Amino acid sequence: MAGVKQARDGAVGILTLDEPASLNAMTPDLLGALAAAVGGMTQDEGVRALILTGAGRGFCSGQNLKASEALGEDIAAGVMRFYWPAFKALRECRVPVVVAVNGVAAGGGFSLAMAGDIIVAARSASFIQVFSRIALVPDLGSTWLLPRLVGRQRALELMLLNEPLTAERAQEIGLVRQVVDDEKLMGEALVLARRLAEGPTRALVATRALVEESEHATYEAQFRREIELQAMIRKSADAIEGRDAFVEKRKAKFTGR
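Residues numbered from 1 in each chain as written. Predicted model: local features only at pLDDT ≥ 70, side-chain atom pairs only at ≥ 80, totals over all residues. Heavy atoms only, no water.

1. Remarks on the state of the cysteines
So, point 1. A full pass over the atoms with the stated rule returns zero disulfides.
So, point 2. With no disulfide of its own, C60 lies closest to C93 among cysteine sulfurs, the gap being 18 Å.
So, point 3. On the basis of relative accessibility, which here comes to 3%, the residue C93 falls in the buried class. (Disulfide = S-S within 2.5 Å. Buried < 20%, exposed > 50% of the residue type's maximum accessible area, 1.4 Å probe, protein only.)

So this is what it looks like as structure tokens:
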């Protein structure tokens, strides 16, 4: 399937984002392929756990700006149509999902990493929210997921200051289960996924559902709210300047407008 490689290791399905030239930046095609791959692979009852990882030097560098026009003029509708199905497939997957983060997980890529159940990180991995750097708000579920994983204060620190989070620091604050040498990443992810695959899958997934239901706001409602606000704020002068500076590879000059 274009954009996502699929493999099997016994009861473990392995999905690899396969656009390494862009550090697996998100496009409607890539996220559509991911949603289809999750659904297709888990139709096989022999698959009892999944691993999601990225090809090349990075896990996912976030939104591919060149593909943003494909979302259409109504950004919220476009994201819910093209991106939400992949996130929903991961969050509601009938089997546990291990995310093996290699290299950078930035912006929406950070959100995607959190959409799985347990993260294993290579020592070279780094996590960065990046949104406020270009005068935008976090999206693709970040404001729902990150505070639940690391707490409100740390989540705001990461979102407001945009300081890169090393793999070791991510482990210290509870975002990541373990950090391993790069060459051992997939091996350790497989060990964990096999352990989950050998467990009571239905009970494990039901446990996940109970944890989700314990929160007040639904994931989908928060996901949509982020994009609705994003669609408004992306028209601001600072957002335009942020995007221009990013494309021109210069430091942005924000004015608060």
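2. What to know about helix α10 (residues 219–233)
So, point 1. For α10, built from 15 residues, the straight-helix expectation of 21 Å at 1.5 Å per residue is met to within 8% by its first-to-last C-alpha distance of 21 Å.
So, point 2. Those residues of α10 that sit buried are Y219, F223, E226, I227, Q230 and A231. End-on, the buried residues of α10 take up no more than an arc of 135°, which puts them together on one face.
So, point 3. The secondary structure elements touched by the buried residues of α10 are α2 (75–82), α3 (84–91) and α5 (142–150). (Helix = DSSP H or I, 4+ residues; strand = E, 2+ residues; numbered from the N terminus. Expected span 1.5 Å × (residues − 1). Arc of directions from axis to C-beta. Contact = heavy atoms within 4.5 Å.)

3. Re the environment of G54
So, point 1. Among the structural elements, G54 can be located in strand β3 (residues 49–54).
So, point 2. With a relative accessible area of 9%, G54 lands in the buried category.
So, point 3. Taking the C-alpha atoms as reference points, G54 and G13, separated by 41 residues in sequence, lie 14 Å from one another.
So, point 4. Once residues within four sequence positions are removed from consideration, G54 is found in contact with T16, L17, N24, F59, A100 and N102.

4. A look at the sheet that holds strand β7 (residues 126–128)
So, point 1. What the three strands build is an open sheet, ordered β5-β7-β8; its pairing is mixed. Of all strands in the sheet, those bounded by a partner on one side alone are β5 (104–106) and β8 (165–166).
So, point 2. Pairing geometry for β7 and β8, over two bridges, is antiparallel. The residue bridging S126 from the neighbouring strand is T166, located in β8. (Pairing = 2+ DSSP bridges.)

5. Notes on the domain arrangement of the protein chain
Reports often express the size of an interface as the amount of accessible area lost when the parts come together.
So, point 1. Domain annotation for the protein chain reports domain 1 (4–198) and domain 2 (201–248).
So, point 2. Taking only C-alpha atoms into account, the centre of domain 1 sits 13 Å from that of domain 2.
So, point 3. Across the boundary between the two partners, domain 1 contributes 34 residues, which contact 26 residues of domain 2.
So, point 4. Buried surface at the junction of domain 1 and domain 2, both sides included, amounts to about 2800 Å², of which 65% is carbon and sulfur.
So, point 5. Together, M80, W84 and W144 form the three largest contributors to the area buried by domain 1 at its contact with domain 2, with a combined 23%.
So, point 6. Between E212 and R91 there is a salt bridge, with the nearest N and O atoms lying 2.4 Å from each other.
So, point 7. Counting the contacts that link domain 1 with domain 2 gives 14 residue pairs in polar contact (both at pLDDT 80 or more).
So, point 8. The set of elements that each furnish at least two residues to the side of domain 1 that touches domain 2 consists of α2, α3, α5 and α8 (185–197).
So, point 9. The greatest single-element share of the side of domain 1 that touches domain 2, amounting to five residues, is contributed by α5.
So, point 10. Considered class by class, the residues forming the side of domain 1 that touches domain 2 number 24 nonpolar, three polar and seven charged. (Domains from an automatic or database assignment. Buried area = accessible area lost by both parts, 1.4 Å probe. Salt bridge = Lys/Arg side-chain N within 4 Å of Asp/Glu carboxyl O. Polar contact = N/O pair within 3.5 Å; in protein donor to acceptor, adjacent residues only side chain to side chain. Nonpolar A, V, L, I, M, F, W, Y, C, P; charged D, E, K, R; others polar.)

6. A few points about the environment of F127
So, point 1. Looking at where F127 falls in the secondary structure, it is placed in strand β7.
So, point 2. Given the relative accessible area of 1%, F127 is considered buried.
So, point 3. Distance from F127 to A170, taken between C-alpha atoms, is 7.9 Å for residues 43 residues apart in sequence.
So, point 4. Sequence-distant contacts of F127, defined by excluding residues within four places in its chain, comprise V101, A105, F110, I119, A121, E163, P164, L165, A170, L175 and V176.

7. What to know about the sheet that holds β3
So, point 1. Judged by pairing direction, the sheet is mixed, and its six strands sit side by side in the order β1-β2-β3-β4-β6-β9 without closing on themselves. In this open sheet, the two edge strands, each paired with only one partner strand, are β1 (4–9) and β9 (178–180). Between one strand and the next, the sheet's axes are offset by a mean angle of 20°, whatever the strand orientation.
So, point 2. Across six bridges, the pairing between strand β2 (residues 12–17) and β3 is parallel. Of the residues in β3, the one forming a bridge with I14 is I51. (Axes fitted to C-alpha atoms, helices over the stretch in contact; angles between N-to-C directions.)

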